[in-house]
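# What the coordinates show
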Amino acid sequence: MKIAIDGPAAAGKTTLAKALAKALGFLFVPTGAMYRAAALAHKRGLSLADTEITVGEEGRIFLNGEDVTHLLSNPDLDELSSKLAADARVRARLVELQRKIAAGRDVVMEGRDIGTVVLPDAELKIFLWATLEERARRRRREQGGSFEEVLEAIRRRDERDSTRSCSPLRPAPDAVLVDTTDKTPEEVLALVLKLVEERRAKLGC
Ligand code: DC
């Protein structure tokens, strides 16, 4: 079974996808972290064509074999990854890698274009959402800084991610919209696990 989780920055995609994958015993694939790794490669002067980005246990990300997971939440990479993600060549390379990772496996993959482009045949598609203010509050708790600056940075990324011509952020027509604004991560997980059970019952698997 393939589960696609999409949505804007700081909507809770990574928290949900990680917990869901653990509960189901599926592979967790954080594609935002793959775009961040591509941004890190760019900063290091590496060409993406010669760079290998792989995903390990619990969504750990490897750049040419080096575990770079701990470097990827650096706010420096927020803006650069969002800019690189608008480049059609970067997307083509990462989408190819993401499809290879998912082939023949049970996965929970999270990002912006998973239900629309990467895994259009996913058995369950979730579009996770929360208000801009709530997402800024969550990101500020993780990264610190002024609330206004964090909010403005998220707003800029939302704008770029959803208006780019190549695979813009938008819900797939068959995605289930989940508003997480007033929900705890545990409540969101319970709700989505219920959706998984319903989908499995329907598919007979
Ligand atoms: O989820 P994140 O904030 O770590 O993602 C970093 C950037 O990568 C984000 O601005 C949008 C981009 N991205 C994308 O375009 N497509 C994906 N499938 C995942 C992330």
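The present account deals with the structure reproduced in this document. Here the structure is a predicted model, which means the values were calculated and not measured.

Definitions and cut-offs
- Residues numbered from 1 in each chain as written.
- Predicted model: local features only at pLDDT ≥ 70, side-chain atom pairs only at ≥ 80, totals over all residues.
- Heavy atoms only, no water.
- Near = heavy atom within 4 Å.
- Polar contact = N/O pair within 3.5 Å; in protein donor to acceptor, adjacent residues only side chain to side chain.
- Areas by Shrake-Rupley, 256 points an atom, 1.4 Å probe, with all protein chains shown as cover.
- Helix = DSSP H or I, 4+ residues; strand = E, 2+ residues; numbered from the N terminus.
- Nonpolar A, V, L, I, M, F, W, Y, C, P; charged D, E, K, R; others polar.
- Pairing = 2+ DSSP bridges.
- Contact = heavy atoms within 4.5 Å.
- Axes fitted to C-alpha atoms, helices over the stretch in contact; angles between N-to-C directions.
- Parallel < 35°, antiparallel > 145°, perpendicular 65-115°, else oblique.
- Left-handed = near helix turned anticlockwise from the far one by under 90°.

Looking now at the site of the ligand. Lining the immediate environment of the ligand, one finds 15 residues, of which Arg36, Arg91, Arg112, Asp113 and Arg164 sit closest. Residue Arg157 places a side-chain N or O atom 2.9 Å away from an oxygen atom belonging to the ligand. Protein contact buries 95% of the 440 Å² of open area that the ligand shows by itself. At the level of elements, α2 (31–43), α3 (76–84) and α7 (147–163) are the ones that each hand at least two residues to the shell around the ligand. Ranked by the residues each element gives to the shell around the ligand, the list is headed by α2, at four residues. In terms of residue class, the shell around the ligand is made up of three nonpolar, five polar and seven charged.

Our focus in this paragraph is the sheet that holds strand β4 (residues 61–63). One open sheet accounts for three strands, arranged β3-β4-β5; its pairing is antiparallel. Looking at the sheet topology across the chains shown, the edges are occupied by β3 (53–55) and β5 (66–67). One ladder, built from two bridges, connects β4 with β5; its direction is antiparallel. The partner of Phe62 across the bridge, within β5, is Asp67. In this fold α2 packs onto β3 and β4, with an angle of close to 25 degrees to the strand it touches most, β4.

Looking now at the sheet that holds strand β1 (residues 2–6). Read from one edge of the open sheet, five strands run β2-β6-β1-β7-β8, paired in parallel fashion. Edge positions in the sheet fall to β2 (27–30) and β8 (176–179), since each of these pairs with one other strand and no more. Strand-to-strand twist in this sheet, taken as the mean axis angle between neighbours without regard to direction, amounts to 20 degrees. Bridge analysis of strand β7 (residues 124–129) against β8 gives four bridges, and the strand direction is parallel.

Where α2 meets helix α4 (residues 88–102), the closest approach of the two axes is 11 Å, and the angle between their N-to-C directions is 135 degrees. Viewed along their axes, α2 and α4 adopt a mutual orientation that is oblique. The two elements α2 and α4 cross, and the hand of that crossing is right-handed. Here Thr31, Met34, Tyr35 and Ala38 of α2 lie close against α4, whose contacting residues are Val90, Arg91, Leu94, Val95, Leu97, Gln98 and Ile101. A class-by-class count of the residues in the contact of α2 with α4 yields eight nonpolar, two polar and one charged.

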